[in-house]
Amino acid sequence: MKFMALIKKEFHRFFHDPRLIVTMLLPGIIIFLIYTVMGNVIGGSEVETYTFKVYLSGQSAVTQVIETAAESAGHTLEWLPLEDEEEARAAVKSGEATAILAFSENFDGFDGAERGEVKLIYDAMEQASSFFYALSASILEQYGMRFAIVSESLSTDDAIGVEVMTQILPFLLVCFIFSACMSVTLESVAGEKERGTLATILVTSAKRSHIALGKLVPLSCISMLGALSSFLGVALSMPKLMGVSLGFLGGYSVWSYILLLVLILSTVPLVVGAIASVSALSRSVKEATAYTSVLMIFTMVISLVAAFIPAIGDWVVFIPVLNAVVVMQGVLAGGLPVWQSLVGVGLNLAYTALLVFAMTKMLSSEKIIFGK
Amino acid sequence: MEEIVRAEGLKKTFTLSKKQQRIERTGETRRVAVNGLSFSAYRGEIYGLLGPNGAGKTTTLRMLSTLIKPDEGDAFLCGHSIVKEPEKVRDVIGFLTSELKLEGFFTPDYLFDFFGAMHGVEKQVLAERKKQLFTRFGIDKFAEVQVKNLSTGMLQKVSLVISIVHDPAVVIFDEPTNGLDVLTAKVVTDFLSELKAMGKSILLSTHIFSLVEKLCDRVGVIIDGKLAAEGTLEEVGKGDLETAFFDLYHAIKGEIV
Ligand SMILES: Nc1ncnc2c1ncn2[C@@H]1O[C@H](COP(=O)(O)OP(=O)(O)OP(=O)(O)O)[C@@H](O)[C@H]1O
Ligand SMILES: [Mg+2]
């Protein structure tokens, strides 16, 4: 009953204060807005219908099919004769033209002796160009394997975007988790200590361990919400910004996701516990903020480093947060690092338990609570 | 008379931090704040611990309310040892000092329920008590106002009422009127008289003679962490508490103030 009252109080404090809710959700909203605006500026027009200007060389009846398909979808298609390939490539790259479509000699008259070839050059960063690529590639594919489709993108391909994302996403997630935990925990633990409201609770007969857990549990839940909001901010704006949708995440198995989720969930209480302990030790919010910032920078640097070391040793699973980064990368890269995840989760729980124990001790320590 | 608080040879020594040594311009590394203090307070009376700054009053009351542990000695509140049964002690006392604050965001209504739950008070009992106490002290109209928006006097009332949410037998109060204006101070002294009328035992600390004279049934004079005199106001003060105190001080410290 005392424990429940402590937990409820913490949630009540948060969910009845619009100011706190806004500060918690704001990073996610801002990320979404900024990235979307950036994405729109970078990505150019957002129109649903395009005007395709496609350089064509060689002949095939397929062009007629593509044209019909494009026009029936409301797009306009204009064929340009391909004279100078270099010039055409430059036009595609700059966005003046959409793509280059080059059919080999006697493409339609192919009789089995020699495979025909169709070359499709486009620019993955341009929406119209990617769209045209998708459209024509799907039509060409309906012809089966009677010829080779050689497609080439003039700039960052989806695959490259995905690779960048698998590197950067875990790091971003760590940052979001950390800043979410920081914003609630500092205020709730260091703030209460500084304002003398923690001492008021210590005079009651509630167990010290319950008081510690009564902070950790609700603050972890709230931090998860905050981290989730930031993550959604990125996820929703990613398609606009990078031309990569997080749809690529759909390609992983359910188990990978469960592993990842459990690992992330187990990282949050650990970070909250660490910040809460630092807060309990500090005399003021200011002091706690200073120490926590150091902790945050340190964590970010090591997770960023870890994100870019390709083959880091297995010892890394013993380091909290880092293990989450590495396992996340593993999952995103299509692997299923089972034992690493389990060890990581287990260790996170063990470390969290240690921190709760330490906090309980701190709350019982007169030096820490009443020290001069 | 039934003993409700009994302190037996309480002792507390602090290690002084470098910063504290600098502030107090002293080379000492240890400070004996309370030095073998024994006294008794009886049921239904207001007992005043009277002493100058640094005498060890706050330290004593913190030990009695189990916020800090004595190095030596023990004390019993309603028969529960502060050393062996601190959690039981916390349920029979209400402790109040200006250092214990209420979170400004919450309303008196919420805080009353919260602290009631923290002391394990039954919901129904709690609701009844809330109604009774809020009406008695005129808090009912402000029950839904955030604590940070209350006037100082009302805030003081709310703190007082919340400190007795669990109907403790003993109320411990460190410097009840320190830093309060005359009106708010009157709120507090009236409250203490009310509590006494309700049959509660009260232990307070102060360095203000008039407060002791006005409120206390018995007084213990504490100087340098030791009990210098104890008895009824009449026995200790002999008609003039102030003079009696300075005589005691002179006899112990050998200096004229
Ligand atoms: N946590 C602490 N660490 C170090 N020294 C302390 C601590 N608490 C109290 N002291 C010292 O112990 C002595 C007694 O302090 P205490 O606060 O109990 O006195 P007091 O009678 O309440 O005085 P005041 O009237 O100033 O409130 C003082 O010299 C004080 O500096
Ligand atoms: Mg004091």
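Keep in mind that this is a model prediction, so the values were computed, not measured.

Caption draft 1: Fine view of the pairing of strand 1 (residues 51-57) of chain A. Residue and element names in this part refer to chain A. Two strands pair when backbone bridges link them, and strand 1 and strand 2 (residues 76-81) are joined in this way by six bridges, in the parallel orientation. Paired with threonine 51 across the bridge in strand 2 is threonine 76. Running through helix 3 (residues 62-72), the crossover from strand 1 to the neighbouring parallel element strand 2 is right-handed. Inspection of the sheet shows strand 1 paired to strand 3 (residues 99-103) by four bridges, in the parallel sense. Along strand 3, the bridge assignment pairs leucine 56 with leucine 101.

Caption draft 2: Quick peek at helix 11 (residues 322-332) of chain A. Most of helix 11 of chain A is tucked away, with nine of its eleven residues classed as buried. All buried positions along helix 11 of chain A are accounted for by Leu322, Asn323, Ala324, Val325, Val327, Met328, Gln329, Val331 and Leu332 of chain A.

Caption draft 3: Inspection of the side chain of threonine 98 of chain A at higher detail. With respect to the helices and strands, the residue threonine 98 of chain A is situated in the loop between helix 4 (85-94) and strand 3. In this view, threonine 98 of chain A contacts Thr51, Phe52, Lys53, Val54, Val92, Tyr122, Ala128, Ser129 and Phe132 of chain A; residues no more than four positions away in its chain are not counted.

Caption draft 4: Examining the packing of aromatic side chains more closely. Residues and elements named next belong to chain A. Counted by the stated rule, this structure contains 17 aromatic pairs over all chains. Ring geometry for tyrosine 122 against tyrosine 133: centres 4.0 Å apart, planes inclined by 10°, an arrangement best described as stacked. In this pair, tyrosine 122 sits in strand 4 (residues 116-122) while tyrosine 133 sits in helix 5 (residues 127-141), placing the two residues eleven residues apart along the sequence. Under the relative-accessibility criterion, tyrosine 122 is labelled buried at 7%. Ring pairing ties together the aromatic residues Tyr50, Phe52, Phe131 and Phe132, which thus form one cluster.

Cut-offs applied
- Residues numbered from 1 in each chain as written.
- Chains lettered and ligands numbered in written order.
- Predicted model: local features only at pLDDT ≥ 70, side-chain atom pairs only at ≥ 80, totals over all residues.
- Heavy atoms only, no water.
- Pairing = 2+ DSSP bridges.
- Helix = DSSP H or I, 4+ residues; strand = E, 2+ residues; numbered from the N terminus.
- Right-handed = clockwise from strand over helix to strand, strands pointing away.
- Buried < 20%, exposed > 50% of the residue type's maximum accessible area, 1.4 Å probe, protein only.
- Contact = heavy atoms within 4.5 Å.
- Phe/Tyr/Trp six-rings, centres within 6.5 Å; stacked < 30°, edge-to-face > 60°.

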